[in-house]
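# Structural overview
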Amino acid sequence: LKHHAVTDVLKLNNTLRILSWPYWENIDNASPDDKFFPEFDAYLDEAVEKNTSIVEINYRKTDKASFTIKKNKELEEGRILKLIEDNDNKVAWMRCKLMVVGQGRAGKSATVRSLIGEKFDPNLDSTVGASLTQTRTTANDATWNKLSQEHKVDYYTSAVGKVIGAATVGAVTPIKKTEIGESSYLKPNTEGSGSSRKKKTAPKPSPKKVNKEKTVEKKPVAKQEQTERKVATPKAEENSKKPDRNGPSWNREFEQDVAKKLNHKLIARAHAEGDTIEMTIWDYGGQRVFYALHHLFLTQYGVYVLVFDMREMIKDKKNALSYVTFWLNSIKLHADGAPILMVGTFLDMLTPEEVATVEEEMANTVGDNFPQIVKTPRDTVFFPLSNLKGSGIDLIRQTIDSVAKKQEFLYRKIAVKWIRWLDAVQSRSKKKGKVSDEPDADVENYITWGEALTLAQENGINDLHSFNSMLELFHELGIIIHFTATQALKDKITLSPQWLIDNITKVIRDPELHQFEDEKIEEVGLTNDVKELFSNALASRDLLEYVWGEEFSQFFVELMRRTLLMSDYAFLKDGDEQMFLIPSMLPDTDEGKVKDRKNRDKSGKKKIDEKKGKTKGGQKEDKTKDSKKNPKKKIPEEEHEFVVDFAESWLPNGVYQRLVCLLVLRNAKDKGDVEPLLFQRYCALSFGELGDIELKHEGDSISVSVTRRDKAPDLLRMTRSMLEKINHDTMKDRLQWEIMYRDTDSKLVTQKVAEKKKLAPWFDGQAAKAKEKQEKAMNFNLENFLTSL
């Protein structure tokens with residue numbers, strides 16, 4: 001009776017694909033004369049013949065059953081191929097970016113290891129730049145599986161598997177008797193049973209049809225401003241033409257191969273993994289030297305984990321809170337609305353009373369300013385964690401998984417052909433050996449925008465808006481890196497974010513934690529070059545070609561120039577060797593050198609103290625000589641100061657460094673004869689006829705002093721234009737500032753007051769003749785920008 005029940009199920013169930021019954025292994029030794037087998041075989045043959053979905057039976061099959069199963073497999077491949085060829089298929093990709101940030105040595109990397117189930121390592125090295133880890137969360141139990149570096153994700157096959165699973169492939173109409181290999185495509189069954197000979201059928205199922213209608217686009221969690229990347233929506237695909245499958249570029253064999261790959265196991269897995277998330281974990285280095293770099297990689301589509309050391313909150317509360325607020329403001333600037341989980345580490349080293357104290361301090365610091373912070377079940381603002389003992393990690397992991405699944409971008413349906421394009425660009429270098437004819441092009445890690453567009457057209461993406469939207473989405477998810485601030489940046493698409501970060505951090509690195517290998521550096525004769533980098537933030541062309549390789553050095557030089565992480569340095573060292581300034585590597589301010597600079601004029605000689613008739617060094621001078629030789633009165637070089645105040649918003653780390661970068665570039669064009677004095681929070685430069693300029697970075701403000709009264713308005717406009725460019729290129733136009741002016745009473749006044757008082761030299765009659773123009777440096781070449789200044 002049980003065996004008859006099995007065959008009855010096969011007659012009625014047109015969604016069953018595999019019949020696997022361990023009982024058959026126990027009766028293989030039964031007598032062949034047993035009356036059971038012939039009777040059952042005949043009944044099963046009849047049932048299988050009426051079932052168009054069964055593709056595998058794990059037991060002794062008759063020739064007739066084998067024929068039917070083979071036919072069903074080929075029919076299934078046909079159905080799959082038809083769905084693949086439908087260029088309008090869309091799928092929820094379920095990908096997320098998890099960004100782990102915080103102070104250096106706070107336990108970020110240890111937290112990442114805990115999340116993916118790896119043991120605590122007390123000797124873990126400090127992260128250089130950022131480290132990327134691919135994970136897959138398992139549905140329901142929120143366990144995370146790390147994907148090995150050797151794991152090559154076949155995004156397209158996986159996506160098509162989801163489409164096939166959603167289409168309920170098994171629910172189909174019966175097929176006419178045809179020869180094997182000549183079966184036609186099947187349509188979704190709306191009749192329930194696969195049999196047309198019997199009226200008695202099972203209750204009608206509700207199979208899902210292939211969705212060819214417009215999907216309703218959900219709005220992202222956070223509002224996108226006009227200056228931000230506008231991530232793709234399904235509507236972008238509506239006008240996209242289908243590819244020409246008869247053309248030379250269309251590879252039908254590829255689609256057929258995908259159809260064969262999509263066996264019942266893959267489809268079943270795709271269906272089972274419906275709410276499984278593939279997550280890229282970005283572990284950002286916490287040292288300050290990397291902060292200017294991180295602004296390039298903080299994106300909207302993801303979940304943030306802010307890690308801090310609770311011990312530091314007990315030892316040095318002010319310093320610890322400054323790091324926490326820095327990162328909270330950074331996330332708010334670049335990903336306003338993205339969820340943030342705060343994690344306090346070293347739980348095992350604090351008493352319950354100390355943990356309660358930290359909770360109170362954090363609650364007071366956060367207040368209502370950051371509503372995107374995810375609270376714990378106890379309604380506290382951070383999750384205590386011991387990476388040593390694993391205490392608290394399960395709750396953190398489950399909360400991240402739960403929060404991620406609430407993000408609407410996770411379920412946004414995107415065109416399957418976009419995913420096929422991604423597979424194509426990542427595999428093209430292996431098939432053809434190169435992705436560019438350029439001699440200095442990396443054949444595996446980046447391609448040009450034009451090459452990417454050609455591949456898109458070959459995969460049915462013919463609409464330019466759709467193509468750009470696809471690039472923006474993949475960039476936001478951290479799958480590729482595509483900067484668009486300038487045309488030069490837009491022309492390169494990096495396929496391996498880790499490769500890009502690893503190479504940039506070969507020159508932007510903490511000198512105390514991330515040293516070069518001395519023996520190798522000495523062997524190639526670059527010992528002094530490394531000292532110059534760590535002492536004065538100057539990198540020689542020889543050093544860059546050594547760390548990046550001669551074939552890729554120009555690519556990274558241009559990339560760092562365009563992202564304002566590097567500038568040409570006009571005051572060459574060691575003869576004619578080309579040098580580059582890397583502002584993130586500038587040393588702390590040397591007050592002695594600053595004082596000495598203030599005592600010197602442009603020619604390098606010490607200034608005269610007119611009252612005492614002595615130089616600042618103490619030697620007497622005959623002040624009558626110069627007055628006889630130069631009877632004309634010189635233009636006085638007084639200091640005229642304005643202050644750029646960011647108190648209303650916040651001054652992120654990296655703005656001052658990029659301002660220095662642009663000033664040095666401008667200085668290089670003037671070919672000045674006085675070498676600038678450059679530090680992390682102070683710089684002084686000479687601009688020839690424009691006079692001298694001095695910058696001080698203090699708190700949330702940058703004070704600017706100029707010497708030439710008649711050129712002060714020009715330097716004001718130049719500084720404003722540079723800040724506008726930095727704001728647009730790296731800060732999503734979200735920075736806000738107010739310019740204050742120092743009046744004759746040494747008080748700072750607003751621009752409105754300064755204009756009313758006609759404060760010199762900014763708003764007096766002379767300045768009014770050269771009417772101020774607000775030049776916004778938006779989306780054009782850096783050289784053109786500098787020329788326009």
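Description of the structure in this document. Fair warning: this is a prediction, and the values are worked out from it, not measured in the lab.

The rules behind the values
- Residues numbered from 1 in each chain as written.
- Predicted model: local features only at pLDDT ≥ 70, side-chain atom pairs only at ≥ 80, totals over all residues.
- Heavy atoms only, no water.
- Helix = DSSP H or I, 4+ residues; strand = E, 2+ residues; numbered from the N terminus.
- Buried < 20%, exposed > 50% of the residue type's maximum accessible area, 1.4 Å probe, protein only.
- Contact = heavy atoms within 4.5 Å.
- Pairing = 2+ DSSP bridges.
- Axes fitted to C-alpha atoms, helices over the stretch in contact; angles between N-to-C directions.
- Phe/Tyr/Trp six-rings, centres within 6.5 Å; stacked < 30°, edge-to-face > 60°.

## Here we look at the environment of Gly102
Looking at the element boundaries, Gly102 is found in strand 4 (residues 95-102). Among the residues examined, Gly102 registers a relative accessible area of 0% and is labelled buried. Once the C-alpha coordinates of Gly102 and Met342 are considered, the two residues, 240 residues apart in sequence, prove to be 9.5 Å apart. Excluding its chain neighbours within four sequence positions, the residues that come into contact with Gly102 are Lys108, Gly286, Tyr291, Leu306, Val307 and Trp327.

## Observations regarding the sheet that holds strand 8 (residues 303-309)
If you trace the 7 strands from one edge of the open sheet to the other, you get 6-5-7-4-8-9-10, paired in mixed fashion. For this open sheet the edge positions go to strand 6 (144-146) and strand 10 (382-384), each flanked by a neighbour on one side alone. Adjacent strand axes in the sheet meet at a mean angle of 30° when their direction is disregarded. Sheet topology places strand 5 (residues 130-137) next to strand 7 (residues 278-284); 7 bridges connect them, and they run antiparallel. Across the sheet, Arg136 pairs through a bridge with Glu278, a residue of strand 7.

## Looking at the sheet that holds strand 14 (residues 538-540)
On the basis of which strands lie adjacent, the open sheet formed by 3 strands has the order 14-16-15 and antiparallel pairing. The strands lining the two open edges of the sheet, one partner per strand, are strand 14 and strand 15 (567-569). Each strand axis lies, on average, 40° off the axis of its neighbour in the sheet, ignoring direction. Most of the contacts of helix 20 (residues 527-536) go to strand 14, to which it runs at about 160°, and overall it touches strand 14 and strand 16 (579-581).

## Details of the packing of aromatic side chains
Centre-to-centre distance and the angle between the planes together describe a pair of aromatic rings. Summed over the entire model, instances satisfying the criterion amount to 24 aromatic pairs. Between Trp449 and Phe467, the ring centres sit 5.5 Å apart and the planes meet at 70°, which makes this aromatic pair edge-to-face. With a gap of 18 residues between them, Trp449 in helix 15 (residues 449-458) and Phe467 in helix 16 (residues 464-476) connect regions that are remote in the sequence. On the basis of an interplanar angle of 80° and a centroid distance of 5.2 Å, the ring pair of Tyr741 and Phe763 is categorised as edge-to-face. Highlighted residues: Tyr741 in strand 24 (residues 738-742) and Phe763 in the loop between helix 27 (751-756) and helix 28 (765-769), separated in sequence by 22 residues. We note that Tyr741, like Phe763, is buried.

## Here's the deal with unusual backbone geometry
At the junction of Ala760 and Pro761, the peptide bond is cis and its omega measures out at 0° in the coordinates. Inspection of the secondary structure assignment puts Pro761 in the loop between helix 27 and helix 28. The backbone of Arg105 sits at a positive phi, close to 65°, despite the residue not being glycine. Relative to the assigned elements, Arg105 resides in the loop between strand 4 and helix 5 (108-115). The phi angle at Asp379 is positive, at roughly 70°, despite the residue not being glycine. Following the sequence through the fold, Asp379 ends up in the loop between helix 12 (352-366) and strand 10. Residue classification places Asp379 among the exposed residues on the basis of a relative accessible area of 54%.

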